[in-house]
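As a plain string of letters, each chain reads:
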Amino acid sequence: HPAGFQDVNHMVIFGFGFFLMVLRRYGFSSTGFNFLLIVLGVQCSLVMEDFLHFLGLQRYEVDFRSLAKAVVSMTAVVISTGAVLGKANPVQLIVMTLVELIFFYISRWINTTFLQVPKDLTLTHVHLFGAYFGLAVTSRFPEPPPGLDKSRSTPKSDLFSMLGTVFVWVFWPSFNSLLTDSKMEAVLNSYLALAVSAVAAFMLSALTSKDGKFRMTHIHSAVLAGGVTVSYTAHSIQHPWIAMILGLLGSVITILGSHCLQRCFNPALKLQDTSGVHFTFGLPAMLGAVASVVLRVVEKGIAEQWSDLSSLGYLVFVDIGAFCQTISTALITGLITGLILNIKLLKAVHVSKYFDDQLYWEVSFKIISD
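Residues numbered from 1 in each chain as written. Predicted model: local features only at pLDDT ≥ 70, side-chain atom pairs only at ≥ 80, totals over all residues. Heavy atoms only, no water.

- In the nomenclature of an unreviewed UniProt entry, the protein corresponds to RHL protein from the organism Sterrhoptilus dennistouni.
- Listed under Subcellular location (unreviewed entry) in UniProt, the entry text for the protein is "Membrane".
- Check the Sequence similarities (unreviewed entry) section of the UniProt entry for the protein; it says "Belongs to the ammonium transporter (TC 2.A.49) family. Rh subfamily." (UniProt positions renumbered as here; feature names shortened; annotations may be inferred.)

Here you go:
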């Protein structure tokens, strides 16, 4: 539906553009490059759809629905961009966009062809693929020096980033329902999960901080966890309390993940996850993937009165295989892409010039000093 498409378009361009404004001197690049990559990637996605038809791998369907799929697919690129934010120059980002789209389409084709995952359902893997592809890419970039002043946020950048979060939050039910037939159920379950995750984010933020105050970094990421977690099951959940529980668990895993990953996991693996895509999208997506398998098995088991356990086992094997294939493909192809982006031809940015608009934009001194 055109209205649903417009909602998702607003969410991806405006919402994520401001969502990525987490760095004090990288605001122009966060919003500007996000817009450039999305409009470029949507065109490439449509061309790829036509190419797959030319190869005989799918039927011809370049229409309004294809445009919607292209915009949804670009969410993976936007999430990956958040992981390498401030490190890659525009040429590197464009190359990453084109390569990631190709590999994402290949991953979807594998899931559809060999694991019998419905074609539209493969698009819900954008969070998993984008997060782990981005983490693999950023691991190939040199690590910035500790205590780099430009890698910090300011109250102003936090405010703009929170504005983007609110826009993404508002339009997320449309995102989850855009390509499904059960639109009313998807919107209802997505909203309930988002609402619970928002309330839980405020509570957990106050409980986990030493002085009992809210932390903007927690709110910024955890309020979206519910939408990510129910993305696989929003269209099929029959009881609202299930969506609410998933929203709560998503918020919990995001805030706990932000503590554990930033203090233990990321330093050990030398990962510089600039905007925290691992705990904002990756972990809730993994939780949602596990929840979708559990709910499908329970639903099918109750319907068949647990009479055919072998078919249930096969269902679990195939579903888990689809998610594992998505993560594995994202990690392997992300590492390859990271190596490609650091060849001399693409003129990688020196570590001392990370996180700085002045390298790409005409910026007044006053804005920089703010």
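## A few points about the pattern of salt bridges
Piece 1. For the structure on display, the rule yields 2 salt bridges.
Piece 2. A salt bridge links arginine 25 to aspartate 356; its shortest N-O distance comes to 3.1 Å. A residue pair is termed long-range when its members are at least 10 positions apart, and arginine 25 in the loop between α1 (2–19) and α2 (27–54) and aspartate 356 in the loop between α13 (309–341) and α14 (365–369) qualify at 331 residues.
Piece 3. On the accessibility criterion, aspartate 356 (11% relative accessible area) is buried.
Piece 4. For arginine 296, the salt bridge is made with aspartate 319, and the minimal N-O distance between the two is 3.1 Å. (Salt bridge = Lys/Arg side-chain N within 4 Å of Asp/Glu carboxyl O. Helix = DSSP H or I, 4+ residues; strand = E, 2+ residues; numbered from the N terminus. Buried < 20%, exposed > 50% of the residue type's maximum accessible area, 1.4 Å probe, protein only.)

## What about helix α7 (residues 155–177)?
Piece 1. In this model, α7 (23 residues) spans 34 Å end to end at C-alpha, consistent with the 33 Å of a helix rising 1.5 Å per residue.
Piece 2. When the local axis directions of α7 are compared, the greatest deviation, roughly 45°, occurs at phenylalanine 171, which is followed within four positions by the proline proline 173. (Expected span 1.5 Å × (residues − 1). Bend = angle between axes of the 7 residues up to and from the residue.)

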